[in-house]
Structures are given as structure tokens and as C-alpha cells.
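Examining the three-dimensional arrangement
As a plain string of letters, each chain reads:
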Amino acid sequence: MGSASSSYRVIYLDVDGRIQKVVFSRFCSPCDIKELFCTALGLPRNISLSLLDTSGAMVSIDPTMPHNTERSPYRVVPLTGGQLADKEELFQNVLTQVAEQFSRAFKINELKTEVTNRLAMLEKRVELEGMKVVEIEKCRSDIKKLREEMASRNNRSQNQCSASPSPHFLGSYLEDNKKLTPRRDVPSYPKYMLSPQTIDALRKPAFDVWLWEANEMLSCLEHMYHDLGLVKDFTINPITLKRWLLCIHDNYRNNPFHNFRHCFCVTQMMYSMICQCSLQEKFTQVDILILMTAAVCHDLDHPGYNNTYQVNARTDLAVRYNDISPLENHHCAIAFQIFSQPDCNIFASFDPEAFKQIRQGTITLILATDMARHGEILDSFKQKVDIFDYSDEEHVTCLKMVLIKCCDISNEVRPMEVAEPWVDCLLEEYFMQSDREKTEGLPVAPFMDREKVTKPTAQIGFIKFVLIPMFETVMKLFPQIEDVMVQPLRESRDRYEELKQIDDAMNEVQKKKSENLTMGKKK
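Residues numbered from 1 in each chain as written. Predicted model: local features only at pLDDT ≥ 70, side-chain atom pairs only at ≥ 80, totals over all residues. Heavy atoms only, no water.

**Focus on the packing of aromatic side chains**
Convention followed: What counts as a ring pair is set by centres within 6.5 Å for rings of Phe, Tyr and Trp (its six-membered ring), and what kind of pair is set by the plane angle: stacked under 30 degrees, edge-to-face over 60, tilted for all other angles. The secondary structure listing takes helices from DSSP runs of H or I that are at least 4 residues long and strands from runs of E that are at least 2 residues long, numbered from the N terminus. Classification of residues uses two cut-offs on accessible area relative to the type maximum, computed with a 1.4 Å probe and protein chains only: under 20% is buried, over 50% is exposed, and between them is partly exposed.
Throughout the structure, instances matching the rule amount to 18 aromatic pairs. Here F257 and W422 contribute two aromatic rings whose centre-to-centre distance is 5.3 Å and whose plane-to-plane angle is 75°, an arrangement assigned as edge-to-face. You can see F257 sitting in the loop between α9 (238–250) and α10 (260–276) and its partner W422 sitting in helix α18 (residues 416–440), a full 165 residues away along the chain. When the centroid spacing of 5.7 Å and the interplanar angle of 85° are considered together, the rings of F347 and F350 count as edge-to-face. Accessibility assignment for this pair places F347 and F350 in one class, buried. Every member of this aromatic cluster is reached through a ring pair, and the members are Y225, F234, W244, F336, F339, F347, F350 and F355.

**Notes on helix α14 (residues 326–339)**
What counts, and what does not: Each helix should span, by expectation, one fewer than its residue count multiplied by 1.5 Å. By definition in these notes, contact holds between two residues if any of their heavy atoms fall within 4.5 Å.
Taking 1.5 Å of rise per residue, 14 residues should cover 20 Å, and α14 covers 20 Å from first to last C-alpha, within 8% of that figure. Burial analysis of α14 places eleven of its 14 residues in the buried class, which makes it a mostly covered element. Within the span of α14, buried status applies to P326, L327, E328, H330, H331, C332, I334, A335, F336, I338 and F339. Against α9, α11 (285–297), α12 (307–312), α13 (316–320) and α15 (352–368) lie the buried residues of α14.

**Some remarks on the packing of α10 against α11**
Each pair of packed helices gets described by two things: the angle between the helix axes and the distance between those axes. The test is simple: Angles here are taken between N-to-C directions and fall from 0 to 180 degrees, while the axes themselves are lines fitted to C-alpha atoms, restricted in helices to the stretch in contact. Orientation is classified from the angle alone, with under 35 degrees giving roughly parallel, over 145 giving roughly antiparallel, 65 to 115 giving roughly perpendicular, and any other angle giving oblique. Handedness of a helix crossing follows the sense of rotation of the near helix relative to the far helix, less than a right angle counterclockwise being left-handed and clockwise being right-handed. Ten residue types, Ala, Val, Leu, Ile, Met, Phe, Trp, Tyr, Cys and Pro, are classed as nonpolar, four, Asp, Glu, Lys and Arg, as charged, and the remainder, Gly among them, as polar.
At a minimum axis separation of 8 Å, α10 and α11 run at an interaxial angle of 160°. Here α11 runs roughly antiparallel to α10, going by the angle between their axes. Between α10 and α11 lies a crossing of right-handed hand. Side by side, α10 and α11 meet where C263, V266, T267, M270, Y271 and I274 of the first sit next to I288, L291, M292, A295 and V296 of the second. A class-by-class count of the residues in the contact of α10 with α11 yields ten nonpolar, one polar and no charged.

**Points about the pairing of strand β2 (residues 18–25)**
Definition in use: Strand pairing is defined by DSSP finding a minimum of two bridges between the two strands.
Both strand β1 (residues 8–15) and β2 contribute to a ladder of eight bridges, which runs antiparallel. What sits directly across from I11, in β2, is V22.

**Section: the sheet that holds strand β3 (residues 49–52)**
Strand order in the open sheet made by the five strands is β2-β1-β5-β3-β4, with mixed pairing throughout. Strands at the two margins of the open sheet, each flanked by one partner only, are β2 and β4 (58–59). Inspection of the sheet shows β3 paired to β4 by two bridges, in the antiparallel sense. Counted as the bridge partner of L51 is V59 from β4. Running at roughly 150° to β2, helix α2 (residues 30–41) makes contact with β1, β2, β3 and β5 (74–78) of the sheet.

**What to know about the environment of I338**
Here I338 lies in helix α14. By relative accessible area, I338 is classed as buried at 0%. Along the chain, I338 and I248 lie 90 residues apart, while their C-alpha atoms are 8.0 Å from each other.

**Overview of the layout of surface pockets**
The cut-off we apply is this: Cavities and pockets were defined on a 1 Å grid built over protein atoms only: a cavity is a set of grid points that admits a 1.4 Å probe from which the probe cannot escape, a pocket is an open set flanked by protein on both sides within 12 Å along at least five of seven lines, and lining residues are those with an atom within 4 Å of any such point. Grid points are joined across faces, edges and corners, and a volume is the space filled by probe spheres set on the points.
In this structure, the largest pocket occupies an estimated 1,300 Å³ of space. Those elements that place two or more of their residues in the lining of the largest pocket are β2, α2, α18, α19 (455–477) and α20 (481–522). If you tally residues by element for the lining of the largest pocket, the top one is α20, at twelve residues. Of the residues belonging to the lining of the largest pocket, the class tally is 15 nonpolar, eight polar and eleven charged.

**With respect to the nonpolar core**
Formally: In this description, a nonpolar core means a group of buried Ala, Val, Leu, Ile, Met, Phe, Trp, Tyr and Cys residues linked to one another through side-chain atoms lying within 4.5 Å.
Membership of the largest hydrophobic core comes to 122 residues, with the highest contact counts inside it found for F37, Y225, W244, I248 and F471. For Y225, the residues in contact, after removing those within four places along its chain, are L230, V231, L241, W244, L289, M292, T293, V296 and I346.

**Quick notes on unusual backbone geometry**
Positive phi is not limited to glycine here, since T235 has a value of about 45°. Looking at the secondary structure, you find T235 in the loop between α8 (230–233) and α9. With relative accessibility at 57%, the residue T235 sits in the exposed group.

**A few points about the pattern of salt bridges**
Definition in use: Here, a salt bridge means any Lys or Arg side-chain nitrogen found within 4 Å of an Asp or Glu carboxyl oxygen.
Inspection of the entire model under this criterion finds 18 salt bridges. With its nearest N and O atoms 3.2 Å apart, the salt bridge here joins R490 to E482. Each of the salt bridges in this network shares a partner with another, and the network as a whole consists of E420, D424, K455 and R495.

**A word on the environment of T54**
Structurally, the position occupied by T54 is in the loop between β3 and β4. Sequence spacing of T54 and Y74 is 20 residues, and the spatial spacing of their C-alpha atoms is 6.7 Å. What T54 contacts, discounting residues up to four positions off in sequence, is S72 and P73.

This is the structure in C-alpha cells:
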């Protein structure tokens, strides 16, 4: 973890004539340092500050800010709304002038018009070709529906005594059938042309998943299926692939954490694993298709409340699946309801036996993402890893289960600025659940209680005892992941441990202040 001198920075502030010493880690973000200064000044954490040295020059608030001494403290000036507005206006004026100069120098508007016209021509051609395929698919679908209706009429009299499922049994999660209905207006999300830089970045674990809108993420997912050869090898209709991805997007809820961006995040990490570990040289293309498709579908229609809540609250899902991985079973059910729509069935070219293999493989991987089974699955893999045999189906299945587990909880593999916002999202979802559990009188897990958990305490144990042991075990088979996946996990662990030490120190100072105030009042 390094020496104290290299790990911590000491800054002195002038607080109304009083010198305030502030200590923070070199890993702190500028936002964290600003909040620390606000705490020292007794100001709201969201107020804007300006830091001035003894000569009146402004100092940047970040981990690399210059050291000072007690004799040369920095003066902290809270910024008023008027000052902020003036700075904002000045900044906007400068940006406008720079944009105009760039436009004149590089003829941006002319280039933009030319590129737009060319893209419009290409999109028109793609749309015309796509619509031909859509019409063929529509005819096939209509013929199939007509056959089914005729068969239904013939069998109706024979099935009068058949029991239909209770509407209550279907539960509230499947009431919105519109979500499961595919869209015909294909392509209905704007085509995003991936640059060579984006295509290269997609193959790496450090990919920044926060930079992309929904239609761009859909285009990236589409690219992955093409790039891995899955569309060509399994004759997947490109228009069907588009419709399926749109339907997948529509069936992820807007939860703080378990949402479509999380789906994209997990699938991109799986794609990265396949590329980094050269899995196409070791697995069959069917295995690659199962890995990618399970990653896309693994959290479909997640309600934002985990299995523990489902079981304790006795929800429809818990009742339906007998308290056994209710969420994961539900994700599988929604996935194959979508596949049952002809317009979304990317497996249409598979014969029944091959589809059965795909279905079983996908279900196995999605069910493996239940963290209640973590120890069981990892122990099984540890027994096989030293004698691993790619020709052994049981070994390969176990490896695929571990791979999707790695991808599902891989946020801390990414750079700090990409990983940390996911912690905030997860804690928000945890707090939402624990608040509801308190209201309903249900048990509350300490790691989900807003009154007991912090970022460092939430992450340290998870990284040390779950993430690092699992990734280090996978590293035995794929040593190439050490630098790009395992080392970032170790650095993340060290960073959170340092943040925890700072939190503990600050809490101790606060505790002593409170004790001194109490003693003073007694005197």
C-alpha cells in the first residue's frame, strides 16, 4: 500500500483566522476533497468553493494540488450564485469563440453536411433492403398464425375440459404483454457507426460503459454478434437480431443498478473475456453463442429487489419458483418468452435438438448468477482447474458458469472513474430495498442498511473474499487476465482500504470533539 508520505496529502486551510489541517488520500477524487473542505468549514457539501493561496492566486482542488504549510494556509472562498453565473457566462463565451474558430479553420459545417448526406443515402439503402426481409418474415409469421388458428379450431371441442392457468399465478410481472411484442419498424433505433477506436476499446475490460446512449449500446451489442461470427455461422437474420435486441432493451426496468446498462456492461465484459482469453480457440461456436446470449438475458425484468426480499415477502415469484432462485428463474422465463416470438427468435435456423442444447445451456448460466450458489460453483471449479479438460463437457460447463459470474460482478475490474458510479447505483438500490423491508417489518441485511454501510465497508470484503479469489482461480487457466483484470481488483481493494482508514480517522476525530463538548457542558 505504500508509505504514509506517498499515500496521504496534508493541506492547511485558513478558516476564519483558525488554521485547519486536512488529510486526504492521493486516491481521493476532486469531488471527495471538495466535500472534505466543506466539512472542515462547516458548509453544505454541495456548495461550490474557490481556493486561494497567500498571493491571491486560485489553486485547483485535486489530489495533485501543491503542498502548503501552517504559515501559508489556503483561503477558502464559498462561491455565490452570482459569481457562478458570471463564470458560466464567461466560459460559454470562450467556448463559442473557440467553436467558431475551429469551424472556420476546418470547414466543419461543410464536412458535416457532406457526411450527413452520405449517411442518409446509406441508411436509405439499408432500410430498403431491410424492409424486404421484414415483409418475408411477416408473411411467414402470418402463415404460421393461420395454421395455428386452424389447428386451434379443430382441437377446441376436445379441450373444453382442459384447465387454463390462473391469471393470479401469472403474477404482476408479466401483465405488460406489450413489452414482449416485437417491433416491426426495423431498424427503429438510429444506426451508430462504430469507429475503429470504439471497436478496439470494446474488446478491453477498461471500456467506459457510461459514455453511450441506449441506441449506441444496442449497436455495440449488434456488432459483437457479427464480430464473433455468430450471425454468419448460425444464419441469424440481421433484422431479427435487431428486433430481439430492442425487445431485450424494453424488458429491462429502470432500476438504479439492474437496468439495461448493467446488461450491456456484463455482455461487454463477456465479449472482452472471449477476446482476451481467445475462447473461440477453445470453445465451440455454440458455447460462445450461449455465453453471449446468457449475458444479454441474465437480469431481464429484474424488479430491483433481491431473492431474499422475494422469499421473505412471499411474492408471486417466490411462490411460483418455490423459493429457489426466484429472480434467476424469472429472467430465464422472460428470455424464452421473447424467443417464442417468431420476429425475435434468433435461433430460428436451429433444429429442435440444437435449440434444446442452446436453451439448456442458457438456463444453466443464468441460474448460476444467483450469488447464493457462489461457494458451490467456485469450489467445483477449483477442483477441476488444475486438471482442466476442454473435451470434458462437465468441465466446460463449469468454466462457463464461472465466466458469467465473473462478468456479472466485474465492475471493480474497470478503472476507478467507471467502477465507482456503479457502487453508488448498487447502494441506492440496496437502500431502496432496506427501506421497504423496514416498512414491511421484514429482516434487513446490514450491508443494505443506509445507517450501517459506507462505500469502503461495502466494497472491501466483497473484493477481498469474492472477486479476487474467483478471478485468481480463473487466472490459473488464463494467465493473460492478471494485468488487465486481477491487478485492477487488487488496486481497488487497496484504494478502498485507504479510504476506510481515512473514514475511521475522521470518525475518531468527530468522536473526540463530541466527547470534549459533552465534558465542557458538564463543567
